[in-house]
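# Residue-level structural notes
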Amino acid sequence: MVATMTNPLRVGLRQERVIAPQCLVIFGASGDLTHRKLVPALFELFKQRRLPSEFALLGCARRPWSDEDFRGKMAEALSSTIKDDPQAWEQFVGKLFYEPVDLQQPEDVVRLSGRLEQIDQQCATRGNRTFYLSVSPKFYGSGCRSLADAGLLKDPKRSRVVIEKPFGRDYGSAQALNRVVQTCGQENQIFRIDHYLGKETVQNIMVLRFANTIFEPIWNRNYISSVQITAAETVGVEERAGYYESAGALRDMVQNHLTQMLAITAMEPPGRFDPEAIRNEKAKVLQSARLADELEPWNCCIRGQYGPGGSAESPLAGYRHEPGVDPNSTTETYVAMKLFIDNWRWQGVPFYVRTGKRLAKRMSEVVLTFREAPVHLFDAATGGPTANQLILRIQPDEGAEFRFEVKSPGSGMRSRPIDMEFSYDESFGEPSDEGYVRLLADAMLSDPTLFTRSDEVEAAWRLYTPLLELIEDSPWQLPVHPYESRTWGPAAADALLAKDGLLWRRP
Amino acid sequence: MSPQLTLQTPLELAPAEVPHYLEQLWSPEQQGSTGTGANTFCLLIWQPAWAEQQLIRSGRLPGPITGQQSAPLIAAGRQAVMDADLPLSTPPLDGSVVKAVADFGGQASAEDLRGQYIDPALSALMPRRLITLAPTIDAEQSLETLVAAYCPLPEEGGGTTACGDVVVLRGGHGALNEGLSILEPLLPSSMPAWVWWNGCMDEAPDLMQRLTSAPRRLIIDTAMGDPHQCLDLLRSRVENGQAVNDLNWLRLRSWRETLAMVFDPPQQRDALIHITRLDIDVEGHHPAQGLLLAAWIADRLGWTLVSSAATDDGTSALFKRSDDTEVRFQLMAVPTGQPNVHAGQMVGLRLIAEPENGQGVCVILCAESGGCMRLEGGGMANLELHEEVVPVQHDTPEMDVARLLGGGHDSTNPLLAAAAPLAARLLG
C-alpha cells in the first residue's frame, strides 16, 4: 500500500542523539514489565538503529535461568513483534544476557560485578551502565544501597539508576526513600520514571505552549475558567490485584501520571529547554497546588469502585469479585478531585482530575475550558453559547482540537460550535513510539528532562497527604461509591462538578 | 551575543617556541594558575577574510580585521558592488567584489585581530585549541605567531575551569606555508581535529592539501569558489572515506525539512512515486546548493541519472524513476535584487507529480526572502497545488560550524555522502 510507505524524504533528517556504548541491567527481569514493555522498547530502539553496536542487556532476577533461557523467554513473549522482522531479532537477541541475582545477597552483587566486567570485555560497553529497578518497591532503597556498596554507582558519569513507580507510599516514605537513594549516588544519577512523560502527546503540551505565541498569553486565570484532566481505562485490575489492593487509583495513577500532566499543563515557561529549568518549574507549580478543601477533603474528592457490569453475553465481574481481591475491599478504582493552584497564573481556576478503571472508554486528555464571551450577541443554535475549549488528546487518537463558535449557515445570525482538529496520524502518518522507548533512550543518554526529580515527587505526595491521612484514619468520611463497570464512574463525581455548574466532558 | 576577545593579550613568539610554550602552559605544574586544559577538540581555521581586508585597505570599512561576517562588512560589500558597476545580483563578499575593490587602491591599515575574536557559539563548546591561519594581502609579509590562553566566561556556558588556547599564524602565503611545520605538534592525536576552510576551494590548493590530510575532519562551504571544484572536492572526500561537512549543505536543512513535511501526511505520499518534473531556482550563477538539493531528492526517491547538460541559465538533466518513467530536471539561475551573502542560495523549488490515473500534484517551495513567480507561472491549473514558504536561516557561519561540532558529526553526513557524488555528476 503506497499510502502507508515511509516518507523517503524524512529518512535521516531527524538528528537522533547518540547513545554511548552501554550495558543496561534490568533487575526483576523475570517480571511482567520486562517482557511487556522494556525488552520490546529496546528492540524498537535497536530496529531504529538508535542503540550503539556496543550494547548489552543483562537481565537479573532470582530465577536460575541461563542466557539461553532468558533469550527464549523473551522470544516467546515478543513472538508477534519478532515475526515482522525475524532477522533483526536474530541480531538483537545476541545482546541479551542473564545472571541470577538477589540484590539482598552481597555475594550475588559481587558476582554481578564480575559478570558486568566480563560483558564489558565481550561487548566493549566500557563500564557504562544503566541499572533499571523493576522490582518490588520495597526493594528500591536496599537495591540502590547494594549497588552503591559494590561500587557500581561510583562513577556519576557512567552509572545511573532507573526507578519505577511508585516512588514511596506517601510523603514520609518518599522523603525517606529519597534520602536513601541520594546517599547511594548523585541526584543526576537517579531517574524516577513516569511513562506518561514519555508520551509524545504529553511532551507536545510543552511545545504547544512554549513554541507558539497564541496560547501562552491566554493560558491563565484571565481566560481559562477550568481545566479537566482525565485518564480513563476500560480494563479492570487484571493480574495486578496484589499490588493494586495496597495502592488504589490515588497512588497508582493520580500521584504520578495525572499529577505530571497537571504540572506540565500549569507550569510557568522555563527560561530554557534544560532539564533543571523544566523540573524547577514543575516542582514550583506542584508546590503551589492544593486540594480545593484541605480541611474537609470529602468536599473535593470522590472515590469509587467498579461493580459488575457488561452485558448478559459478556458480563464483567465487580472489583470485589476479581481474583486476589478482598471481597470486602475498600480500595478505590476511581478517583475524582478538585484542586487549586495558588499562584498568579491560576488563582481561583479549578483543576478537576479523574481516573478510573472499567470506565466507558479508554482515553486520556487535558481539557482547557475558556471563559464565556462577556456579552452574547447571537442566538446559539444549540440553546446556549458553548465555551471555547482546547482539548489535548493524550491517547488514543493522539492530537488536539479547538472548539469555537462560528456562524451557522443561513439567513439568521445564529452561532454553533465547530472543532478544529489536529491528529498525529493524519499529519505525520507514523505511530509515535511507546513512552518506554523514549524514556529508556533518555536514561541511557543521561538526559533527566522527562524524569521526576526528588522535590517533584515529594511535592506530589504532599499534595495528596490530607486525602491519604483521611483514608488511613477515618475512611468512612471518604466512602467508596460503587459504579457499574463500563460507565463514567459514580454519580457523586458528576455532583462534584455540578456544584460548580459544570459537567465532565463526555468524549 | 557579540564575539569575545581573548582575555589575555596574545603573546608574540617565534614559531619554533610555540609548541614548547603551550606544552608548559598545560603542564600539571601550571594547572593551578591557568585552569585545566579542556579535553575536547582542536579547530584549525583557514581565515583569509579577503573581502574584509580589501575593504579596510580601500578605506570603505573601519578596522579592525576580525574575520567575522559583520553587518557593516556586508553593507560595505554591497556598496562596493554598486560602485564597481558589478551586476546587482553579485553576492557582497564574492571574489569579483574582492578583485574590484583591490583595483580601487588605497593604503588604509587596521589592527588585525583574526583568531583573537572567538564567537560565543564556538567558545561554548570549549575547544581545546583554536588555530587560525590568517593570510595577508601582502604575499611577502613574514610570519607572525601569536599565542593566548582562553577560558570561556561563565555566561558563555563556561563556569568550569576547562580552558583552551588560541594560536594565530599570520603572514603572506609563502610564510604561512613555512609555518605549517609547527602544526603537527599543536594537534595532538588524542583529540579530534577539525579544519574549517573558510575560503574558496581554489585559492590555496597546496595549503589545503597539507592541512586536510586524514584523520582531520574538513568543513567547507561549497558556496565559495568555483562550483566544479567545490563539488569535486566533496565527491573525492566522500569517495575516499575522508570526513567532510559542507556549510552550504547545512543551510539546506530548512528546505529538506519543509519538503519532507509536505509529504508527511500519508495521503500525500503517493505523489512521490509519480514525480515527472523537478525545477529549482537559485540566486545567480552558482548551482552547487541547488544541485545538492536535487541530488538528495533523486537519491531518496531512487532515481537514476540518464543525462545532464549545462544551459545558458543553469543545468538541465534527465532522471529515470524505478518504474523507468522519465523525470525532467531543470536548475535555473535567477537574478535577485538583494542577493544573499552566500552565492547560489535556493530561491524556489517545484515538484510535479502526474499519476496516470488520478489527480496531479504540484508542490512549490519558495524562499521567505523572495518570490517564485517563474515557478508559480502557468500550466498547473489542473494540478492540486501545495505551496510552502521556507524560512530564511539567519545563522552565521560560526553558528553553523558550532552546530556541526556540537552535534558530534565526526563523519560525513550520510545524506550528504549520497548526494554529493550525484551533484558533481549533474554539474558534469
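Residues numbered from 1 in each chain as written. Chains lettered and ligands numbered in written order. Predicted model: local features only at pLDDT ≥ 70, side-chain atom pairs only at ≥ 80, totals over all residues.

### Quick notes on the environment of Thr265 of chain A
Residue and element names in this part refer to chain A.
- You can see Thr265 is positioned in helix H9 (residues 241-266).
- A count of 21 C-beta atoms within 10 Å places Thr265 in the buried class.
- C-alpha of Thr265 to C-alpha of Ile205: the two residues are 60 residues apart in sequence and 6.7 Å apart in space.
- Apart from the residues within four sequence positions on either side, Thr265 is in contact with Ile205, Val227 and Val366. (Helix = DSSP H or I, 4+ residues; strand = E, 2+ residues; numbered from the N terminus. Buried ≥ 20, exposed ≤ 12 C-beta atoms within 10 Å, placed from the backbone. Contact = placed C-beta atoms within 7 Å.)

### A look at the sheet that holds strand S3 (residues 96-100) of chain A
Residues and elements named next belong to chain A.
- Spatially, six strands are ordered S3-S2-S1-S4-S5-S6 in an open sheet, and the strand pairing comes out parallel. Each having just a single partner strand, S3 and strand S6 (190-192) make up the two edges of the open sheet. Going across the sheet, the axis of each strand differs from the next one's by a mean of 20°, ignoring polarity.
- Two elements, strand S5 (residues 159-163) and S6, share three bridges in a ladder whose sense is parallel. When the bridges of S6 are listed, Ile163 appears paired with Arg192.
- Sitting on the sheet, helix H5 (residues 106-123) is in contact with strand S1 (22-27), strand S2 (55-61), S3 and strand S4 (129-133), with an inclination near 160° to S2. (Pairing = 2+ DSSP bridges. Axes fitted to C-alpha atoms, helices over the stretch in contact; angles between N-to-C directions.)

### As for the sheet that holds strand S14 (residues 314-320) of chain B
Residue and element names in this part refer to chain B.
- Spatially, S13-S14-S15-S12-S16-S17-S18 is the arrangement adopted by the seven strands of the open sheet, whose pairing is mixed. Only two strands of the sheet have a single partner each, and these edge strands are strand S13 (304-310) and strand S18 (384-390). Shown here is a sheet whose adjacent strand axes are inclined to one another by a mean of 15°, direction ignored.
- Pairing of strand S17 (residues 361-367) with S18 involves seven bridges; the strand directions are parallel. Of the residues in S18, the one forming a bridge with Val361 is Glu384.
- Relative to the sheet, helix H14 (residues 288-300) contacts strand S12 (275-283), S14, strand S15 (326-334) and strand S16 (346-353), its axis offset from that of S12 by approximately 160°.
- Strands in contact with helix H17 (residues 414-427) are S13 and S14; relative to S13, the strand with the most contacts, it is inclined by about 40°.

### Examining the interface of chain B and chain A
- Contact with chain B, which involves 19 residues of that partner, is made by 17 residues of chain A.
- Contributions of two or more residues to the side of chain B that touches chain A are made by helix H12 (253-262), helix H13 (266-269) and H17 of chain B.
- Looking at the side of chain B that touches chain A element by element, the count peaks at four residues for H12 of chain B.

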